[in-house]
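Structural characterization, general
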Amino acid sequence: MEKMEQLYEGKAKRVYATADAEKVIVSYKDDATALDGLKKGTIAGKGAINNRMSNYLMQILEKQGVKTHFVEELNDRETVVKKVSIVPLEVIIRNISAGSFAKRYGVEEGIVFDEPTVEFSYKNDDLHDPLINSYHAIALKLATKEEIEEIKAMAFKVNEVLKEYFINLGVKLVDFKLEFGRLSDKTLVLADEISPDTCRFWDAETNEKLDKDRFRRDMGGVEDAYKEMMHRVFGE
Ligand code: UDP
């Protein structure tokens, strides 16, 4: 399958049309942004790592009955995915306190929750992706009530599958962000990516951070953290 015209360029990916109206090609960049776009940089090798890891995880999820946008990996950076209209919500699942949760509620990072939590942000750059509750999302017609219920069920299922998968690799899945899309027939599928850009991964023994927090917080060792996650997943 060949790339045709570019449809969209985001912070970390470009999206191209294909000859098939129901499919697009995603191309992953090494560019990274954080802190609401204030911080910009590149993470060498990130595009290939995120592409391959995300595709691999989506295939694991498909086997467990989670519908995803994944179609076919073309090369290190490019993947054919089903064309979707993105539900403009960032769906965040947390198993352990960190990041904005710890800050918002004035608690330390690392508190292990008895049950995972879910929250939504409204994907809107002008408004800086504000936290939103499901009633507001429905009122704003971002999703229907039925879609919200399905999104929550799918997100918790993703968490169960991935939490188990990563702990077997010696990695705690602290929290992550998912995005969902609608196919032309309105079927909801998991879209976007699952990678060290969108998940917090902590080494199970040392709690060392193996994700984008190293970039966000200027901790150094960013490339090595992404490579370490690649190594845990693919053994290479
Ligand atoms: N996240 C993301 N994109 C965003 C915001 C958050 O992928 O625009 C991910 C982030 O990597 C983390 C989880 O969602 O795994 C929860 O992030 P949090 O709300 O703690 O925000 P942060 O502290 O990253 O600003």
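Everything quoted here is computed from the prediction, not taken from an experiment.

Broken down by element type, the protein carries six helices and 14 strands. In summary, the protein has a C-alpha radius of gyration of 17 Å against a globular reference of 18 Å for 236 residues, a match within 12%. In terms of overall dimensions, the protein has C-alpha extents of about 50 × 45 × 35 Å along its principal axes. In the protein, which comprises 236 residues, the proportion classed as buried is 50%. At a minimum sequence separation of 6, the contacts of the protein that also span at least 24 residues come to 56%. Accessible area of the protein: about 11,700 Å², with a carbon and sulfur share of 50%.

Turning our attention to the site of the ligand. As a structural note, the neighbourhood of the ligand is formed by 14 residues, with Arg-94, Ser-100, Asp-175, Arg-200 and Arg-216 the closest of them. Arg-94 has a polar side-chain atom sitting 2.7 Å from an oxygen atom of the ligand. Relative to its unbound accessible area of 500 Å², the ligand is 76% covered by the protein chains. For the shell around the ligand, the class distribution of residues is four nonpolar, three polar and seven charged.

Now for the sheet that holds strand S3 (residues 23-28). The five strands lie next to each other as S1-S2-S3-S7-S6, forming an open sheet whose pairing is antiparallel. Here the strands that pair on one side only, and so sit at the sheet edges, are strand S1 (6-9) and strand S6 (70-73). Strand-to-strand twist across the sheet, computed as the mean angle between neighbouring axes with direction ignored, equals 25°. Pairing analysis gives three bridges linking S1 to strand S2 (residues 13-17), with the strands arranged antiparallel. Paired with Tyr-8 across the bridge in S2 is Val-15. Strands in contact with helix H1 (residues 46-63) are S3, S6 and strand S7 (78-82); relative to S6, the strand with the most contacts, it is inclined by about 130°.

Here we come to the pairing of S2. For S2, the buried fraction is high: four of the five residues fall into the buried class. Linking two consecutive strands that pair antiparallel, namely S1 and S2, is a turn of three residues. Here five bridges tie S2 to S3, and the two strands are oriented antiparallel to one another. Bridge assignment links Lys-13 to a residue of S3, and that residue is Tyr-28.

Let's shift gears to the pattern of salt bridges. Tallied over the full model, the rule gives 28 salt bridges. Lys-3 is paired through a salt bridge with Glu-78; the nearest N and O atoms lie 2.4 Å apart. Pair noted here: Lys-3 is in the segment before S1 and Glu-78 is in strand S7, with a separation of 75 residues, a long-range link. Take Lys-3: its relative accessible area is 40%, and that puts it in the partly exposed class. One salt bridge in this structure joins Lys-11 and Asp-125, with 3.5 Å as the shortest N-O distance. Of this pair, Lys-11 sits in the loop between S1 and S2 while Asp-125 is found in the loop between strand S10 (112-122) and strand S11 (131-132), placing the two residues 114 residues apart along the sequence. Judged by relative accessible area, which is 48%, Lys-11 ranks as partly exposed. Bridged by salt links that share partners, the residues Arg-94, Glu-109, Glu-119, Asp-175, Arg-200, Lys-209, Asp-213, Arg-216 and Arg-217 form one connected network.

Cut-off values and rules
Residues numbered from 1 in each chain as written. Predicted model: local features only at pLDDT ≥ 70, side-chain atom pairs only at ≥ 80, totals over all residues. Heavy atoms only, no water. Helix = DSSP H or I, 4+ residues; strand = E, 2+ residues; numbered from the N terminus. Rg over C-alpha atoms; globule rule 2.2 N^0.38 Å. Buried < 20%, exposed > 50% of the residue type's maximum accessible area, 1.4 Å probe, protein only. Contact = heavy atoms within 4.5 Å. Areas by Shrake-Rupley, 256 points an atom, 1.4 Å probe, with all protein chains shown as cover. Near = heavy atom within 4 Å. Polar contact = N/O pair within 3.5 Å; in protein donor to acceptor, adjacent residues only side chain to side chain. Nonpolar A, V, L, I, M, F, W, Y, C, P; charged D, E, K, R; others polar. Pairing = 2+ DSSP bridges. Axes fitted to C-alpha atoms, helices over the stretch in contact; angles between N-to-C directions. Salt bridge = Lys/Arg side-chain N within 4 Å of Asp/Glu carboxyl O.

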